[in-house]
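# Coordinate inspection notes
Okay, here's what each chain looks like letter by letter:
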Amino acid sequence: MPKQVVNEAKDKMEKALQTLKKELGTLRAGRANPSLLEKITVDYYGSPTPINQVASISVPEPRLLVLQPWDKSILHNIEKAIQKSDLGLSPTNDGTVIRIPIPPLTEERRVELTKLVKKYGEEAKVAIRNIRRDANESFKKMEKEGQISEDENRRYQEQVQELTDHYAKRVDETVKQKENEIMEI
């Protein structure tokens with residue numbers, strides 16, 4: 001049972017790290033990346049649909065995204081959805097595909113994005129610490145109920161602390177890597 005708590009904590013910490021990586025993937029770092037458009041939904045016959053479900057997204061050049069909708073009648077809707085998003089992108093529609101040039105970031109925008117990256121990193125660390133707290137509470141409860149000894153409790157809490165340190169370090173590395181990517185000109 002205590003090993004199960006440790007394994008669950010590890011799984012949850014891994015998910016917190018993956019969530020951070022996914023969030024950081026949606027930040028524009030000056031390079032074209034299809035994940036930039038993940039949060040955009042398009043009005044497709046009256047229902048909001050994720051953009052990647054109505055068009056294929058390709059990256060033919062480092063600073064260009066090309067969207068090819070499967071239904072040409074929604075080209076205008078896709079274009080409008082991209083313009084309305086807070087990404088600051090200006091798509092061009094040539095009747096068959098939509099090209100989205102990715103402009104280089106200004107210094108001011110880079111600084112804003114690094115602050116956002118740090119905020120996401122801190123949120124991930126808070127999630128990891130909350131997972132540690134929940135696991136430690138489970139161990140204390142088990143000790144109180146006589147399922148594990150005081151020494152076992154301490155040993156399991158140390159294991160969870162090692163996991164916490166490991167994942168906090170990985171969060172820091174991920175954040176640092178994204179900051180470097182953003183600040184790269």
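In case you missed it, the structure is sitting above this.
Residues numbered from 1 in each chain as written. Predicted model: local features only at pLDDT ≥ 70, side-chain atom pairs only at ≥ 80, totals over all residues. Heavy atoms only, no water.

Looking now at unusual backbone geometry. Leaving glycine aside, a negative phi is the common case for residues, and trans is the common case for peptide bonds. Despite not being glycine, Tyr-45 shows a phi value in the positive range, around 50 degrees. With respect to the helices and strands, the residue Tyr-45 is situated in the loop between strand 1 (41-44) and strand 2 (47-50). (Helix = DSSP H or I, 4+ residues; strand = E, 2+ residues; numbered from the N terminus.)

All right, on to the packing of aromatic side chains then. Per the counting criterion, the structure on display carries 2 aromatic pairs. Considering the side-chain rings of Tyr-44 and Tyr-45, the 4.9 Å spacing of their centres and the 65 degrees angle between planes classify their relative orientation as edge-to-face. With a centroid separation of 5.4 Å and an interplanar angle of 25 degrees, the aromatic rings of Phe-139 and Tyr-156 are classed as stacked. Of this pair, Phe-139 sits in helix 3 (residues 107-144) while Tyr-156 is found in helix 4 (residues 150-183), placing the two residues 17 residues apart along the sequence. Comparing Phe-139 with Tyr-156 shows no difference in burial state: the two are buried. (Phe/Tyr/Trp six-rings, centres within 6.5 Å; stacked < 30°, edge-to-face > 60°. Buried < 20%, exposed > 50% of the residue type's maximum accessible area, 1.4 Å probe, protein only.)

Let's shift gears to the packing of helix 1 (residues 2-25) against helix 4. Put simply, helix 1 and helix 4 touch, their axes get as near as 10 Å, and they point 10 degrees apart. When the axis of helix 1 is compared with that of helix 4, the two are roughly parallel. Listed contacts from helix 4 to Pro-2, Lys-3, Val-6, Lys-10, Met-13, Glu-14, Leu-17, Leu-20, Lys-21 and Leu-24 of helix 1 are Tyr-156, Gln-159, Val-160, Leu-163, Thr-164, Tyr-167, Arg-170, Val-171, Thr-174, Val-175 and Lys-178. Broken down by class, the residue content of the contact of helix 1 with helix 4 amounts to 12 nonpolar, 3 polar and 6 charged. (Axes fitted to C-alpha atoms, helices over the stretch in contact; angles between N-to-C directions. Parallel < 35°, antiparallel > 145°, perpendicular 65-115°, else oblique. Contact = heavy atoms within 4.5 Å. Nonpolar A, V, L, I, M, F, W, Y, C, P; charged D, E, K, R; others polar.)

This part takes up the sheet that holds strand 4 (residues 64-69). One open sheet holds the 4 strands; their spatial order is 3-4-6-5, and the pairing between them is antiparallel. For this open sheet the edge positions go to strand 3 (55-61) and strand 5 (92-93), each flanked by a neighbour on one side alone. Two strands pair when backbone bridges link them, and strand 5 and strand 6 (residues 98-101) are joined in this way by 2 bridges, in the antiparallel orientation. Considered in strand 6, the bridge of Thr-92 is made with Arg-99. (Pairing = 2+ DSSP bridges.)

Attention shifts here to the nonpolar core. Grouped together as the largest cluster of nonpolar side chains are 27 residues, with contacts concentrated most on Met-13, Leu-20, Phe-139 and Val-171. Only helix 1, helix 3 and helix 4 provide two or more residues apiece to this core. The biggest single contributor to this core is helix 3, with 9 residues. Ignoring sequence-local partners within four residues, the contact set of Met-13 consists of Ile-128, Ile-131, Arg-132, Val-160, Leu-163, Thr-164 and Tyr-167. Leu-65, Ile-74, Leu-89 and Ile-100 belong to the second largest nonpolar core, which has 20 residues in total. (Core = buried A, V, L, I, M, F, W, Y, C linked by side-chain atoms within 4.5 Å.)

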